[in-house]
Amino acid sequence: MCKTIWKMIFEITEWMAALLALIGIIGLLLPRLFCISPYIVLSGSMEPEIHAGSIVYMDESITPEQIRENDIIGYRMNDEIKVVHRVMELDKNNHSVVTKGDANEVEDINPVMFEQIEGRAIISIPYMGYIVTWIRSKLGIIAITALVGIFFITMTGKNNNQQEVEGN
């Protein structure tokens, strides 16, 4: 009975580890091969279009000349802060755009220079950013490390059990 419970726990842990790895590969690493980068939206400034906690995938291959009014763009405000807002106005003479969050009453104070723009939104996945943020946290890293450890212990145990069965 006890072995059956532990076996079930190990199998569930294996599936969880495999699922997390798959999410990581498909959701975060694979898009980078196609010049697409994920942004995690922390605020509700773009609601209802993009919810807080969403992941927005940005096409980084876009050039400033391809940006149009009403596009949702990602730009770097400074070294630490990235913003996802809608383009309200293009100013090609000054190489800038005026942006605004959909939920905000007024346009952003400072225009965004073309050099600050990192991409145009192509898709958003609601609430997945919360999961990624948790995985990047200390608790998430500890949990993932524990899952990987349990996975390897489980795999080692399976290999030993198979060798014992084959040896008998």
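All figures in this text were calculated on a predicted structure; none of them were measured in a lab.

### With respect to the layout of surface pockets
Taken as a whole, the largest pocket encloses approximately 460 Å³ of empty space. Around the largest pocket, the lining is made up of 19 residues, and of these Y39, I40, V41, L42 and K82 lie nearest the centre. At the level of secondary structure, the elements contributing two or more residues to the lining of the largest pocket comprise strand 1 (36-40), strand 4 (82-91) and helix 2 (128-136). Split into classes, the residues belonging to the lining of the largest pocket amount to 10 nonpolar, five polar and four charged.

### Quick look at the nonpolar core
Membership of the largest hydrophobic core is limited to 10 residues, which are I62, I67, I73, Y75, V83, V87, V97, V112, F114 and I117. Only strand 3 (72-76) and strand 4 provide two or more residues apiece to this core. Contacts of V112, omitting those with residues within four sequence positions, involve Y75, H95, S96, V97, T99 and I117.

### Here we look at the packing of aromatic side chains
Counted by the stated rule, this structure contains one aromatic pair. Between Y127 and Y130, the aromatic rings sit 6.4 Å apart at their centres with planes inclined by 15°, giving stacked as the arrangement. Residue class for Y127 comes out partly exposed when judged on its relative accessible area of 45%. We note K82 situated over the ring of Y39; from NZ or CZ to the ring centre the distance is 4.9 Å.

### Details of the sheet that holds strand 3
Through backbone hydrogen bonds, the strands of a sheet pair up, either in parallel or in antiparallel fashion. Spatially, 1-2-7-3-4-5-6 is the arrangement adopted by the seven strands of the open sheet, whose pairing is antiparallel. One side of each edge strand has no neighbouring strand; the edge strands of this open sheet are strand 1 and strand 6 (112-113). In terms of strand pairing, strand 4 meets strand 5 (residues 96-100) through five bridges, oriented antiparallel. Across the sheet, V87 pairs through a bridge with T99, a residue of strand 5. Taken strand by strand, helix 2 contacts strand 1, strand 2 (55-59) and strand 7 (117-125), and its axis lies near 85° from that of strand 1.

### Re the pattern of salt bridges
Side chains bearing opposite charge may pair, as long as their charged atoms lie close to each other. This model, assessed by the stated rule, comprises five salt bridges. Note that E118 and R76 form a salt bridge whose closest N and O atoms lie 2.9 Å from each other. Here E118, found in strand 7, pairs with R76, found in strand 3; they are 42 residues apart in sequence, far enough to count as distant. The exposure class assigned to R76 is partly exposed, which follows from its relative accessible area of 28%. We note a salt bridge from R86 to D102, for which the minimum N-O separation is 2.8 Å. Here the residue R86 occupies a position in strand 4, and D102 occupies one in the loop between strand 5 and strand 6, the gap between them amounting to 16 residues. In this structure D102 comes out as partly exposed when scored by relative accessible area, which is 26%. The network of salt bridges with common partners includes E49, R86 and D102.

### Overview of unusual backbone geometry
Omega for the peptide link from E47 to P48 comes to 5°, which places this bond in the cis form. By the element assignment, P48 lies in the loop between strand 1 and strand 2. The phi dihedral of C35 falls on the positive side, at around 60°, and the residue is not glycine. Within the secondary structure layout, C35 lies in the loop between helix 1 (2-29) and strand 1. One non-glycine residue, H95, lies in positive phi territory at about 55°.

What counts as what
- Residues numbered from 1 in each chain as written.
- Predicted model: local features only at pLDDT ≥ 70, side-chain atom pairs only at ≥ 80, totals over all residues.
- Heavy atoms only, no water.
- 1 Å grid on protein atoms, 1.4 Å probe; cavity = no way out; pocket = protein on both sides within 12 Å on 5 of 7 lines; lining within 4 Å.
- Points joined across faces, edges and corners; volume = space filled by probe spheres on them.
- Helix = DSSP H or I, 4+ residues; strand = E, 2+ residues; numbered from the N terminus.
- Nonpolar A, V, L, I, M, F, W, Y, C, P; charged D, E, K, R; others polar.
- Core = buried A, V, L, I, M, F, W, Y, C linked by side-chain atoms within 4.5 Å.
- Buried < 20%, exposed > 50% of the residue type's maximum accessible area, 1.4 Å probe, protein only.
- Contact = heavy atoms within 4.5 Å.
- Phe/Tyr/Trp six-rings, centres within 6.5 Å; stacked < 30°, edge-to-face > 60°.
- Lys NZ or Arg CZ within 6 Å of the ring centre and 35° of its normal.
- Pairing = 2+ DSSP bridges.
- Axes fitted to C-alpha atoms, helices over the stretch in contact; angles between N-to-C directions.
- Salt bridge = Lys/Arg side-chain N within 4 Å of Asp/Glu carboxyl O.

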